[in-house]
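Reading the structure
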Amino acid sequence: MQNIKANGKIAVSICDDKTLEGYQIKGTAVHLTEGPVVDMFKKIVSDTFKGAVTAKGALEITPDTIIVTTPGPDNKKTL
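Residues numbered from 1 in each chain as written. Predicted model: local features only at pLDDT ≥ 70, side-chain atom pairs only at ≥ 80, totals over all residues. Heavy atoms only, no water.

Digging into the overall build of the chain
What counts here: Elements are defined by DSSP. Helices are runs of H or I of four residues or more, strands are runs of E of two residues or more, and each kind is numbered from the N terminus. For the radius of gyration, the atom set is restricted to C-alpha positions; the globular benchmark scales as 2.2 Å times the number of residues to the power 0.38. Think of it in three bands: residues with accessible area under 20% of the maximum for their type are buried, residues over 50% are exposed, and the middle band is partly exposed, with areas taken using a 1.4 Å probe on protein chains only. By the convention used here, residues are in contact when the closest approach between their heavy atoms is within 4.5 Å. Only the protein chains shown count as cover for residues, and the accessible areas themselves come from Shrake-Rupley with a 1.4 Å probe. For the purpose of charge, His is not counted, nor are the chain termini; Lys and Arg are scored as positive and Asp and Glu as negative. The location of each charge is read from NZ of Lys, CZ of Arg, CG of Asp or CD of Glu.
Across its full length, the chain holds two helices and three strands. Computed over its C-alpha atoms, the radius of gyration of the chain comes to 15 Å, more than 25% above the 12 Å expected for a compact globule of 79 residues. With the C-alpha coordinates of the chain rotated into their principal frame, the extents come out at 45 × 30 × 20 Å. Going through the 79 residues of the chain one by one, you find that 19% of them count as buried. Within the chain, contacts between residues separated by at least 24 positions form 50% of all contacts whose residues are at least 6 apart in sequence. Carbon and sulfur atoms form 57% of the exposed surface of the chain, whose accessible area is close to 6000 Å². Charge separation in the chain, taken as the distance between the mean sites of 10 positive and 9 negative side-chain charges, equals 5 Å.

Okay, structure coming up:
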C-alpha cells in the first residue's frame, strides 16, 4: 500500500492453476476508502466470508500494460 500511496504504481499477476494461463497487469491504482464501489466490495467480502473478514477499502486499477505469463510461444507477449 505504501507504493500505491507514494507513486500510484501497481503490478498484479493472476494465473489459472489448472491450465497455467496467466497474465501480469501493470498500471496505476488508487486506494478508495469510501463510496459506492467500496460499499459494494465490503458487502461482497462480508457475504463471502460470513462476517469473519472485513474490507478496509478497494483498489481501483487502471491498466497500462498486460503481459502474457502463460508458458509457451506467447510468454512475455504484451497485449
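Focus on the sheet that holds strand β1 (residues 9-15)
Backbone-to-backbone hydrogen bonds pair the strands of a sheet. The strands run either parallel or antiparallel. The condition is simple: Here, strands pair whenever DSSP counts at least two bridges between them. Axis lines are fitted through C-alpha atoms, for helices just across the contact stretch, and the angle between N-to-C directions can take any value from 0 to 180 degrees.
Pairing within the open sheet is antiparallel, and its three strands lie in the order β1-β2-β3. Every other strand in the sheet has two partners, leaving β1 and β3 (58-68) as the edge strands with one partner each. For this sheet the average axis-to-axis angle between neighbouring strands, irrespective of direction, equals 35 degrees. Where β1 meets strand β2 (residues 22-32), seven bridges bridge the pair, whose relative direction is antiparallel. For Ser13, the partnering residue across the bridge sits in β2 and is Gln24.

Side note on the environment of Asp47
Relative to the helices and strands, Asp47 is located in helix α2 (residues 36-48). Judged by relative accessible area, Asp47 falls into the partly exposed class, the value being 46%. For the pair formed by Asp47 and Gly8, sequence separation is 39 residues and the distance between their alpha carbons is 29 Å.

Quick notes on unusual backbone geometry
Positive phi values are uncommon outside glycine, yet Leu20 reaches one of about 65 degrees. Relative to the elements of secondary structure, Leu20 occurs in the loop between β1 and β2. A positive phi angle, near 50 degrees, is found at Lys50, a position not held by glycine. Relative to the assigned elements, Lys50 resides in the loop between α2 and β3.

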